[in-house]
Amino acid sequence: MKKYNRIIAVSVLTYLVMAVLLYLFCRDRNASENTSYKVEINQIMQGLEDAGAFTEPDLRDMRYVKEVTFLGVQTVGNDAETGRNAEIGRNVEIGRNADKVADTEEMPHGIEEFLAFYQNRNGMSSVVYPFAVKGKLMGFVRFDYVVSAANQHILWIAEGALFVSWLMMFSVLWYIRMQVVKPFHLLSQMPFELAKGHLQVDVEENRGRFFGKFVWGIAMLRDTLYASRAKALNLEKEKKLLLLSISHDIKIPLSAIKLYAKALREEIYKTEEQKIHAVRQIEKHALEIEEFVHKIASTASEDILEIDVADSEFYLKNYIDKIREIYEPKCRLSMTEFVVGEYENKLLKGDVDRAVEVMENLMENAVKYGDGHSICLKLYEEDYCQVIEVYNSGSPVSQNEMPHLFDSFFRGSNAQDKSGNGLGLYIARQIMIKMDGDIFARREDEGMCIGLVFRM
C-alpha cells in the first residue's frame, strides 16, 4: 500500500516538474520571438543604407515586418515642432506622437502626411528609425510589425493538455487504489490467518467487482478447512474409540491363546484329546483376532475421503479445452509430446469440476511415471458411453500389481523414488463411480493406458 502511494506521489511530482519545464520553455521561446523582429528591421535598414536612398523593400520573406513607410524631412519642413516630434518618434509608440501633433493649434505644412505616417494600424506595433545617408538626415522610416502571441496560447493549451492527461492518469491510479489495491491489502492477510489455523476470522464483504469471486473463494476455503478440521477431530475421536474397543475385545481371545499355549508348553494336558481341544481353542480365538483385524482393515479402507459430486452435465469440448489449457504448457516445458485425438462434441453426464480432477490425477501420473516422450488422449464412443483413454509411454506396471492399482494407499514398484500417497487413482475411481461412470487400466507394450468411461 505504501509503495502504491509512492507511485501516486511520484506522478504528482512528475506533473509539477513537467508543467514548470513547459512554462520555462514556452516563456523563453516567446521572449526570443518578441525580439526577432529587430533582426528583420536591422536587415532592412542595412539594405537601405547600402542603397543610399529609400526604396520599397521586399517583405515576402519577412516573418514579422509587414509594412515599411518612409517620411522625408522636406515633407513637413524644418519647424521646431516637426523636428521635435520626429526626434520623439524614434523608438516610441506612434499613437502617442500623433496625439501630441493633434494637440497643436497651428499645423505646419505637410501635417496630413505626417499624421498618416504616425497613425496607428490595427493589430500591429510600430517603430520609427531615422534614415541618414553620409551623415545627412534623409527622413524617417516606419516599420509596422507583428509580435506573435501564439506561444502564449500554445503554452496555455499545452499546460491544459498536460493537466488533463495527468488528471486522467491520477483518476485511474486513484480508482485502482480504492477499488483494487486497498481491498486486496485488506484481504491479503486472510491466507496467512487460514494457514495459521485461525478459522474464525470473518471475511469482510466487498462490493467491488474485482474481488467478488476471490472473497467468495476465500470464504469457501475457510468453511472447507473448518469442516475438514471438525471431521478430522471426529475421525480422531472415533479412531481412538475404535482402538480402545478393539484392544479390549482382542484381550480376551489373546489371553485364551496365551493360556492354552502355556498349558501345551508345560504339558499340562496328558491325553491326546485334551491337546487337540487346546489346539482347536487356539485356532478359534485366532480366528476371532483375525476377524478384528479384518474389521480394522475394512474400516480403514472405507470412506477415506468424503467426495461430493454434483448431478449435472457438461460438453466434451469444454472438458477437453480445460485439460489442454492446463497441460499443453506443462508438456511443452518438459519437451513431452501431447496429442489429443479427434472427437465429436457430446453432452456427458457428471460434474465437470470433478471430471477435471480425475483427469488431472491421470495426467500427473502420466507425467510422473512416464518416460517423458509422449502423452496421448484417445476419444471414442462405445455402448452409448464416451471413453477417454490416457496413454503414456514408458515402463508399464507389472502384471501382479494391476489388480491393486485402484486400491487406497497402493503404490507400485515403479513409484519407490517418486513422491505420493497412493490415493490418486483411488480417488479417481470413487469420483467416476459416483458420476455413474467407470475407470479401467490396461498394460501396453511400451507404456500404460488409463481409461475413463462417461455416460451420455
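Residues numbered from 1 in each chain as written. Predicted model: local features only at pLDDT ≥ 70, side-chain atom pairs only at ≥ 80, totals over all residues. Heavy atoms only, no water.

Undergrad: Whenever I open this one, the environment of Leu137 confuses me. Can you help?
TA: Structurally, Leu137 can be placed in strand S3 (residues 136-145). Look at Leu137 and you get partly exposed, because its relative accessible area is 38%. Placed 65 residues apart in sequence, Leu137 and Gly72 show a C-alpha to C-alpha distance of 8.8 Å. Not counting the four nearest positions on each side in its chain, Leu137 is found in contact with Val73, Pro130, Phe131 and Ala132. (Helix = DSSP H or I, 4+ residues; strand = E, 2+ residues; numbered from the N terminus. Buried < 20%, exposed > 50% of the residue type's maximum accessible area, 1.4 Å probe, protein only. Contact = heavy atoms within 4.5 Å.)

Undergrad: Please explain the packing of aromatic side chains as it appears in this structure.
TA: What characterises a pair of aromatic rings is the spacing of the ring centres plus the angle enclosed by the ring planes. All chains considered together, the criterion is met by 9 aromatic pairs. With a centroid separation of 5.4 Å and 55° between ring planes, the pair formed by Phe314 and Tyr319 is classed as tilted. Taking the relative accessible area as the measure of exposure, Tyr319 reaches 0% and is therefore buried. Here the aromatic rings of Tyr319 and Phe454 are separated by 5.8 Å at their centres, their planes lie at 70°, and the arrangement is edge-to-face. With a gap of 135 residues between them, Tyr319 in helix H10 (residues 316-333) and Phe454 in strand S10 (residues 447-455) connect regions that are remote in the sequence. A residue is classified by how much of its surface remains accessible, and Phe454, at 1% relative accessible area, is buried. Cluster of aromatic residues (ring-pair linked, three or more members): Phe163, Trp166, Phe170 and Trp174. (Phe/Tyr/Trp six-rings, centres within 6.5 Å; stacked < 30°, edge-to-face > 60°.)

Undergrad: Can you walk me through the sheet that holds strand S2 (residues 125-133) in this structure?
TA: Across a sheet, strands are paired by hydrogen bonds formed along the backbone, either parallel or antiparallel in direction. Taking strand neighbours across the sheet as the criterion, the 3 strands line up as S1-S3-S2 in an open arrangement whose pairing is antiparallel. Each edge of the open sheet is held by one strand with a lone partner, namely strand S1 (65-72) and S2. The average undirected angle you get between the axes of adjacent strands in this sheet is 25°. Two elements, S2 and S3, share 9 bridges in a ladder whose sense is antiparallel. The residue bridging Ser126 from the neighbouring strand is Asp144, located in S3. In the packing of helix H2 (residues 36-51) onto the sheet, contacts are made with S1, S2 and S3, and the angle to S2 comes to roughly 25°. (Pairing = 2+ DSSP bridges. Axes fitted to C-alpha atoms, helices over the stretch in contact; angles between N-to-C directions.)

Undergrad: Help me out: how do you make sense of the confidence of the model for the chain in this one?
TA: For the chain, the mean per-residue pLDDT works out to 77, and 79% of the residues sit at or above 70. Here residues 78-107 scores under 50 on pLDDT; set against residues more than four positions off or in separate chains, the count is 42 contacts. (pLDDT = per-residue confidence, 0-100.)

Undergrad: Would you mind showing me how to read the sheet that holds strand S5 (residues 337-340) here?
TA: Read across the open sheet, the 5 strands follow the order S5-S7-S8-S10-S9; overall the sheet is mixed. Each edge of the sheet is formed by a strand with only one pairing partner; in this case those strands are S5 and strand S9 (438-444). Recorded for the sheet is a direction-independent mean angle of 15° between the axes of neighbouring strands. Across 8 bridges, strand S7 (residues 374-382) lies against strand S8 (residues 385-393) in antiparallel orientation. Counted as the bridge partner of Leu377 is Val390 from S8. Set on the sheet, helix H11 (residues 352-369) makes contact with S5, S7, S8, S9 and S10; between it and S8 the angle comes to about 20°.

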